[in-house]
Amino acid sequence: MGTATHWATDDQLLERYKGEKVSQVEYNLKETRSGGNVPNMRTLGDFVQAYNASDIYMVSSVPKGMLKDMDFLPCLRCGGFLRYLDVNNMWMGRGGLVPVVWGRWKSQPPHYSG
């Protein structure tokens with residue numbers, strides 16, 4: 001697995017990517033896009049040091065320094081698919097994040113841990 005997609009602790013993430021720029025950190029773990037942007041959250045380090053103790057989440061383009069360490073599923077790495085990949089977003093929160101699109105589901109959305 002790539003380094004960016006496999007870490008066990010916040011300290012490991014901070015050690016490698018602390019200074020990487022992030023583009024959007026918002027309030028409210030239940031995503032409504034009405035909570036507004038969190039001020040002074042410019043780097044992954046800023047976010048990681050705050051997210052466990054606050055009601056914020058990050059939905060940002062994958063920071064440039066992380067891109068080289070990202071892994072894709074084998075089914076995405078063949079046939080030239082990655083040449084057409086337009087947007088790559090990284091979603092991160094302390095847990096319990098409910099994106100807008102999941103609000104339409106009748107059952108509980110899937111949760112992943114890593």
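Residues numbered from 1 in each chain as written. Predicted model: local features only at pLDDT ≥ 70, side-chain atom pairs only at ≥ 80, totals over all residues. Heavy atoms only, no water.

Draft legend 1. Spatial organisation of the nonpolar core. Judged by nonpolar contacts, the single largest core of 18 residues is most densely connected at Val-25, Leu-44, Phe-47, Val-48, Ile-56, Met-58 and Met-92. If you list the elements that add at least two residues to this core, you get helix 1 (10-17), helix 2 (44-50), strand 2 (56-61) and strand 3 (89-93). Looking at which element gives the most residues to this core, the answer is helix 2, with four residues. Each residue touching Leu-44, except ones within four places of it in the same chain, is listed here: Leu-13, Tyr-17, Lys-18, Glu-20, Val-22, Met-58, Met-66 and Met-90. (Core = buried A, V, L, I, M, F, W, Y, C linked by side-chain atoms within 4.5 Å. Buried < 20%, exposed > 50% of the residue type's maximum accessible area, 1.4 Å probe, protein only. Helix = DSSP H or I, 4+ residues; strand = E, 2+ residues; numbered from the N terminus. Contact = heavy atoms within 4.5 Å.)

Draft legend 2. The arrangement of the environment of Leu-82 in detail. Considering the arrangement of structural elements, one finds Leu-82 in the loop between helix 3 (64-67) and strand 3. You can call Leu-82 partly exposed: its relative accessible area is 32%. C-alpha of Leu-82 to C-alpha of Phe-72: the two residues are ten residues apart in sequence and 9.1 Å apart in space. If we ignore the near neighbours within four places in the chain, the residues touching Leu-82 are Phe-72, Leu-76 and Arg-77.

Draft legend 3. A look at the pattern of salt bridges. Considering all chains together, one arrives at two salt bridges under this definition. One salt bridge in this structure joins Arg-16 and Asp-69, with 2.9 Å as the shortest N-O distance. Of this pair, Arg-16 sits in helix 1 while Asp-69 sits in the loop between helix 3 and strand 3, and the two are 53 residues apart along the sequence. Looking at Arg-16, the relative accessible area reads 44%, which means it is partly exposed. With a closest N to O distance of 3.7 Å, Asp-69 and Lys-68 form a salt bridge. Since its relative accessible area comes to 11%, Asp-69 is described here as buried. (Salt bridge = Lys/Arg side-chain N within 4 Å of Asp/Glu carboxyl O.)

Draft legend 4. Up close: the sheet that holds strand 3. Spatially, 1-2-3 is the arrangement adopted by the three strands of the open sheet, whose pairing is antiparallel. Single-partner strands in this sheet number two, and they are strand 1 (25-27) and strand 3. The sheet shows a mean angle of 20° between the axes of neighbouring strands, taken without regard to direction. Examined bridge by bridge, strand 2 and strand 3 share five bridges and lie antiparallel to one another. Bridge assignment links Ser-60 to a residue of strand 3, and that residue is Met-90. (Pairing = 2+ DSSP bridges. Axes fitted to C-alpha atoms, helices over the stretch in contact; angles between N-to-C directions.)

Draft legend 5. A look at the packing of aromatic side chains. All told, the structure shown has one aromatic pair when counted by the stated rule. Taken together, a centroid distance of 5.0 Å and an interplanar angle of 15° make the contact between Phe-47 and Tyr-51 stacked. Overall, the relative accessible area of 0% leaves Phe-47 in the buried class. The class for Tyr-51 is buried, based on a relative accessible area of 7%. (Phe/Tyr/Trp six-rings, centres within 6.5 Å; stacked < 30°, edge-to-face > 60°.)

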